[in-house]
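Chain by chain, the residues run as shown.
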Amino acid sequence: MDMLLSRVEKPARYIGSEWNMERKEVYDFRFALCFPDVYEIGMSHLGSRILYRVLNDMDGVYCERCYAPWTDMEQALRAFHEPLFTLETKSPLKDFDIVGFSLLYEMCYTNVLTMLELSGIPFLSSERDESNPLIVAGGPCTVNPEPIADIVDVILIGDGEELEPELVECVRQAKREGISKAAMLERLAGIKGVYIPSFYRPVYENGRYARTERLNAHAPEHPVRRVVRDLDTAKYIGRQLVPHMQIVHDRVAVEVMRGCTRGCRFCQAGYIYRPVRERTEETLLRQTRDLVTCTGYDEVSLLSLSTGDYSELHTLLPRIIDDMAEQKVSVSLPSLRIDSLLKDDLEKMQTVRKGGLTFAPEAGTQRMRDVINKNVTEDDLLRAVTDAFTAGWCGVKLYFMIGLPTETDEDVVGIAELAGKVSNAFYRLPKDKRGSGFRVTVSVSTFVPKPWTAFQWCAQDRQEEIVRKQQLLKTALKGVRGAELHCHPSVLSVLEAVFSRGDRRLNSVLIDAYQRGCRFDSWAEHFKPDAWAEAFEANGLRMDEYAHRERAIDEPLPWETVDVLVTPAYLKREWAKAQQAKTTKDCRQGCNGCFGEHCEDYCRV
Amino acid sequence: MKIIAAFEKTKELSYTSHLDVQRTLQRAFRRADLPLAFSKGFNPHPKLSFATALATGYTSSGEWIEVELDRDVTPEDFTERVNAALPKGMRFHSAFIADDGFPTLSKMLVAAKYIITLYTDTPVTMEELGSAIRAITESEEVIVEKKTKSGIKPANIRPEILEAEPISASDRIAVAAIVGTLNAAGGLRAETFARALFERLQTNGRFTAHRIALCFEGSDRLPRLR
């Protein structure tokens with residue numbers, strides 16, 4: 001171990017032994033919870049923290065963690081012919097019953113291959129038998145499981161709190177009985193939320209996906225996304241791991257609710273985590289106290305897709321802040337909605353520690369915001385920032401997207417104009433009422449159409465067009481006092497668009513690209529666009545076809561084999577309304593019918 | 001109240017950095033319900049300071065710290081409670097309460113003792129190890145490349161070496177004990193000595209370092225040089 005650790009830049013990524021790490025002596029089932037990115041990112045993932053608890057609370061099950069090795073560790077492992085190992089017991093992944101990956105971002109797929117290869121596990125499920133661990137994948141990416149369908153044995157769609165224990169029990173029982181892998185997969189196919197890709201075969205006609213054939217009668221025609229009905233009683237993190245090294249989200253995480261009622265049309269999370277489920281105030285207070293006590297953290301974050309929409313926020317927030325202030329623990333809300341933000345809350349938060357202030361108008365003009373159904377007005381934003389500036393903040397970060405459907409140059413320039421108004425809102429305040437060193441950071445990403453959104457049919461803007469729009473914005477921002485522009489590189493978002501809406505043919509492209517050296521594609525220093533281009537070419541496929549082609553509204557879509565509850569019919573209605581810049585109301589104000597016939601069973605808002 | 005105590009850092013935890021250790025201690029104190037006192041002012045920071053930092057990758061038997069706590073506690077209670085809240089691989093010992101006016105640890109620090117283990121590419125005998133160490137201790141100057149802000153420069157580390165002796169040598173593992181100066185301004189780095197030793201043994205390889213003790217002057221409650 002010393003040999004390996006002394007050769008890498010950040011050895012603390014691989015040592016484990018964190019406070020609250022699970023140690024077990026007696027177990028008969030081993031689960032490797034894998035995250036295909038570095039430790040600092042994987043350790044920050046809320047879902048993995050929950051699953052670590054859920055699985056380790058099972059009798060006889062030992063769940064250990066493994067993260068993607070950074071390139072220096074990969075080289076060291078190869079040089080010494082050592083397998084990749086888990087943090088808890090330093091065991092190779094081959095020794096586990098289940099190797100499960102959390103997939104949060106398509107650009108991590110190559111790292112899955114690194115982790116399999118460094119464990120001596122064959123890439124394709126068809127090349128693995130009973131002697132190999134069962135390879136499982138879950139997480140938001142699996143709502144389109146096709147681009148990894150040849151690699152993973154079992155795909156989990158939806159919430160994992162109840163699904164993962166059912167998976168483990170089923171596999172454990174199958175192993176006790178000594179049945180074949182094929183027979184075990186048949187049993188697993190019966191669990192709600194499970195998709196066994198090898199039981200389905202996509203058919204292509206004229207070079208395009210046409211339909212899916214079901215090959216096994218045990219498999220449901222459309223596996224349905226799993227939903228935890230009662231979040232309040234669902235298992236939570238319990239004893240949160242406290243890392244030695246700094247991680248991206250290095251604080252106590254409390255999930256106040258899951259799902260979002262807003263219906264922003266670009267937002268995949270907004271569609272695939274429906275319906276909204278809240279935890280009660282009392283549960284949240286108790287979880288916050290317990291987590292702070294058992295971790296020693298001095299910062300708590302109240303997480304959700306839109307914490308400002310939590311129904312009891314204005315009673316919860318003062319209670320948590322007071323409770324935590326005694327222990328000098330600060331409270332932050334990562335996702336404030338402009339319209340839900342109250343001045344009192346701001347002032348309250350400021351008494352503990354002044355964090356950064358971030359708003360996401362997403363688009364620069366009202367027309368564009370109506371298209372994406374981001375129901376926020378310019379007045380909302382200006383009122384919110386003026387409140388914040390009066391309360392002492394002197395910097396604000398604004399998130400936008402460019403390349404949205406129906407976008408014109410006017411909409412792009414609108415971003416700069418909005419930033420200008422925010423800047424004016426600051427400088428309009430009397431000098432003694434405002435801070436100094438004002439900054440308005442304009443962070444602009446490139447829109448990536450995602451499956452299971454109203455924009456799943458859209459063509460993504462071509463790279464040249466994105467670069468032109470970025471330039472246009474840069475020019476327009478000149479003269480805005482305190483403005484700073486951050487544009488995300490657009491090359492990567494093309495590949496992201498390809499894999500988001502990809503079909504099963506991408507599996508061979510992925511493996512090919514990996515063999516050409518692609519790793520950590522989301523890290524600019526490792527991204528190899530040329531190698532990816534070669535991999536597509538070699539497999540006779542075009543990125544253009546996946547990223548830049550508008551799909552016909554009645555075209556079969558490869559991800560529609562699974563059922564994520566939100567219906568294609570609803571998405572079609574939303575897409576039609578978007579093109580007319582018509583908004584859809586927040587579903588707390590009345591049902592918009594997004595679940596179709598599933599509504600009765602799954603949504604009781 | 002101010003407590004002075006030493007902790008050991010062993011096994012895998014040696015691969016955590018000085019900053020990591022600071023964070024780990026702060027959180028462990030909170031878990032132990034022994035809250036650190038915070039400085040006043042715009043950006044409050046905990047009143048916790050180290051005699052010195054330990055390089056990432058080194059193990060140690062005694063890293064000394066001083067902490068100001070918001071609550072009174074006996075040294076025994078302190079040690080017991082913090083140890084129950086520390087991850088495996090870190091453990092406190094030798095705690096005592098510092099009277100008012102007790103000088104800061106970094107001002108009293110004078111030297112450090114290490115065991116250095118060289119894993120050499122070629123076999124080394126005890127005689128070879130002994131003569132290589134003598135070649136260092138008996139010369140007037142030991143010039144090594146030192147990294148400074150303005151690049152790599154040659155520097156004479158001989159004045160920083162107080163003692164050095166061979167401990168064992170078998171096949172490709174050579175062990176030496178060294179004592180070097182160490183204070184707030186700097187001092188002998190075990191790594192520098194290890195490199196000088198590799199050079200004189202005319203071989204390469206990797207090394208590990210274990211800090212046996214930090215040595216202080218000005219208080220009989222702290223370990224001394226002699």
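Residues numbered from 1 in each chain as written. Chains lettered and ligands numbered in written order. Predicted model: local features only at pLDDT ≥ 70, side-chain atom pairs only at ≥ 80, totals over all residues.

A. Representation of helix 6 (residues 163–177) of chain A. All names here are of chain A. Here helix 6 is 15 residues long and its end C-alpha atoms lie 21 Å apart, about the 21 Å a rise of 1.5 Å per residue gives. Burial in helix 6 covers these residues: L163, E164, L167, V168, V171 and A174. For helix 6, the buried positions fall inside an angular range of 135 degrees around the axis, keeping them on one side. What points out from helix 6, more than 90 degrees from its buried face, is the exposed set Q173, R176 and E177. Just past helix 6, the residue G178 takes up positive phi, approximately 70 degrees. (Helix = DSSP H or I, 4+ residues; strand = E, 2+ residues; numbered from the N terminus. Expected span 1.5 Å × (residues − 1). Buried ≥ 20, exposed ≤ 12 C-beta atoms within 10 Å, placed from the backbone. Arc of directions from axis to C-beta.)

B. Region of the structure containing the interface of chain B and chain A. Each partner contributes residues to the interface: chain B has 17 residues there, and chain A has 17 residues. Of all the elements in the fold, those that place two or more residues in the side of chain B that touches chain A are helix 1 (18–31) and strand 11 (205–216) of chain B. Sorting elements by how many residues they give to the side of chain B that touches chain A places helix 1 of chain B first, with six residues. (Contact = placed C-beta atoms within 7 Å.)

C. How the structure looks around helix 9 (residues 281–295) of chain A. A rise of 1.5 Å per residue sets the reference length of helix 9 of chain A, with its 15 residues, at 21 Å; its end C-alpha atoms lie 21 Å apart and thus fit the reference within 8%. Every buried residue belonging to helix 9 of chain A is among L284(A), Q287(A), T288(A), L291(A), V292(A) and T295(A), and all of these are buried. Across the axial projection of helix 9 of chain A, the buried residues extend over an arc of 125 degrees, all falling on one side. Packed against the buried residues of helix 9 of chain A are strand 9 (252–255), strand 12 (299–303) and helix 10 (313–325) of chain A together with helix 1 of chain B. Looking one or two places after helix 9 of chain A, you find G296(A), whose phi comes out positive at around 80 degrees.

D. Highlighting the domain arrangement of chain A. Residues and elements named next belong to chain A. Domain parsing of chain A yields domain 1 (2–210) and domain 2 (252–500). Placing the centre of domain 1 and that of domain 2 at their C-alpha centroids yields a distance of 32 Å. Between domain 1 and domain 2, the contact holds 10 residues from the first and 14 residues from the second. Of the residues contributing to the side of domain 1 that touches domain 2, the split by class is six nonpolar, two polar and two charged. (Domains from an automatic or database assignment. Nonpolar A, V, L, I, M, F, W, Y, C, P; charged D, E, K, R; others polar.)

E. Structural view of the pairing of strand 8 (residues 208–214) of chain A. Residue and element names in this part refer to chain A. Relative to strand 8, strand 7 (residues 200–205) runs antiparallel, the two sharing six bridges. If you follow Y200 over to strand 8, its bridge partner there is R214. Between strand 7 and the antiparallel strand that follows it, strand 8, lie two residues; N206 among them carries a positive phi value of about 50 degrees. (Pairing = 2+ DSSP bridges.)

F. Fine view of the sheet that holds strand 12 of chain A. All names here are of chain A. Sheet architecture is open: three strands sit in the order 9-12-13, paired in parallel fashion. Of all strands in the sheet, those bounded by a partner on one side alone are strand 9 and strand 13 (330–332). Strand-to-strand twist in this sheet, taken as the mean axis angle between neighbours without regard to direction, amounts to 25 degrees. Bridging between strand 9 and strand 12 involves four bridges; their strand directions are parallel. Directly across from E255, in strand 12, lies its bridge partner L303. In this fold helix 9 packs onto strand 9 and strand 12, with an angle of close to 165 degrees to the strand it touches most, strand 9. (Axes fitted to C-alpha atoms, helices over the stretch in contact; angles between N-to-C directions.)

G. Expanded view of unusual backbone geometry. All names here are of chain A. Residue P275 is bonded to the preceding R274 through a cis peptide linkage, with omega at -5 degrees. Note that P275 resides in the loop between helix 8 (268–272) and strand 11 (277–278). Phi angles above zero are rare outside glycine, and N206 is one such case at about 50 degrees. As for its position among the elements, N206 is in the loop between strand 7 and strand 8. Even without being a glycine, E362 presents a positive backbone phi close to 70 degrees. For E362, the position within the fold is in strand 14 (residues 358–362). The exposure class assigned to E362 is buried, which follows from the 22 C-beta atoms found within 10 Å.

H. The arrangement of the domain arrangement of chain B in detail. All names here are of chain B. Split by domain assignment, chain B resolves into domain 1 (2–102) and domain 2 (108–216). Between the C-alpha centres of domain 1 and domain 2 the distance comes to 28 Å. Counting residues at the interface gives nine residues for domain 1, matched by nine residues for domain 2.

I. Geometry of the sheet that holds strand 6 (residues 194–195) of chain A. All names here are of chain A. With mixed pairing, six strands are arranged side by side in an open sheet as 2-1-3-4-5-6. With partners counted over all chains shown, the strands left at the sheet margins are strand 2 (61–67) and strand 6, one partner each. Pairing analysis gives two bridges linking strand 5 (residues 154–156) to strand 6, with the strands arranged antiparallel. Among the inter-strand pairings, L156 is bridged to a residue of strand 6, identified as V194. Sitting on the sheet, helix 6 is in contact with strand 1 (29–35), strand 2, strand 3 (98–102), strand 4 (134–138) and strand 5, with an inclination near 135 degrees to strand 1.

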